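Each chain is listed here by its residues.
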Amino acid sequence: MSLSFHIDFNGECEEAFSFYAACLGGRIGTMLKIADSPIPASTTRPGRHIVHANICIDGVELAGADVEAHNYRRPTGFYVLLGVDSEEKVDSYFSALQTNGQVILAPQQTFWSSRYAIVIDRFGVPWKINRGT
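Parameters and conventions
- Residues numbered from 1 in each chain as written.
- Predicted model: local features only at pLDDT ≥ 70, side-chain atom pairs only at ≥ 80, totals over all residues.
- Heavy atoms only, no water.
- Axes fitted to C-alpha atoms, helices over the stretch in contact; angles between N-to-C directions.
- Helix = DSSP H or I, 4+ residues; strand = E, 2+ residues; numbered from the N terminus.
- Parallel < 35°, antiparallel > 145°, perpendicular 65-115°, else oblique.
- Left-handed = near helix turned anticlockwise from the far one by under 90°.
- Contact = heavy atoms within 4.5 Å.
- Nonpolar A, V, L, I, M, F, W, Y, C, P; charged D, E, K, R; others polar.
- Expected span 1.5 Å × (residues − 1).
- Buried < 20%, exposed > 50% of the residue type's maximum accessible area, 1.4 Å probe, protein only.
- Arc of directions from axis to C-beta.

Naming follows an unreviewed UniProt entry, where the chain appears as VOC family protein of Pseudoduganella dura.

**Comments concerning the packing of helix α1 (residues 13-24) against helix α2 (residues 87-98)**
Taken N-terminus to C-terminus, the directions of α1 and α2 make an angle of 155 degrees; their axes are 10 Å apart at the nearest point. The orientation of α1 relative to α2 falls into the category roughly antiparallel. The two elements α1 and α2 meet at a crossing, and its hand is right-handed. Residues Phe19, Tyr20, Cys23 and Leu24 of α1 pack against Tyr93, Ala96 and Leu97 of α2. Taken together, the residues of the contact of α1 with α2 sort by class into seven nonpolar, no polar and no charged.

**What about α2?**
For α2, with 12 residues, the first-to-last C-alpha span of 16 Å sits near the 16 Å given by 1.5 Å per residue. Considered for burial, the residues of α2 that qualify are Val90, Tyr93, Phe94, Ala96 and Leu97. Taken around the axis of α2, the buried residues stretch over an arc of 165 degrees, which confines them to a single face. Its buried side turned inward, α2 meets α1, β5 (80-84), β6 (102-108), β7 (116-120) and β8 (126-131). Positive backbone phi, at 60 degrees, marks Asn100, one or two positions downstream of α2.

**Here's the deal with unusual backbone geometry**
Here Asp58, not a glycine, exhibits a phi torsion of approximately 50 degrees, which is positive. Looking at Asp58, the relative accessible area reads 75%, which means it is exposed. Although it is not a glycine, Asn100 sits at a positive phi angle of roughly 60 degrees. Residue placement: Asn100 occurs in the loop between α2 and β6. Taking relative accessible area as the criterion, Asn100 reaches 66% and is therefore assigned exposed.

Given below as structure tokens:
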């Protein structure tokens, strides 16, 4: 069995996954555009949009796709929890993810972690970054 997240995007899946690969050290596995898939040409999503993508970040897979604009809802009710092994990584990942995003909690010490931060990135994806033990 495996467990992963699938995140819907509003036409920004390819850009988001390229960004995650660059700033989080992820490896993109699949990036299938609608134009290269058997989806009918009558779809309202342009051919450059992504029908399926996946990226592996430190052994954890995230999947995603672009959905039709009228079906897109900004992610709510969850956070992608990124556990890292140093305070410097918390700061570095936070710095990258907060660019043009929304800071919820700047990196700081908490009672459970020496460094913890919360941010919603520019693609609307919510992240919690935690230095684990």
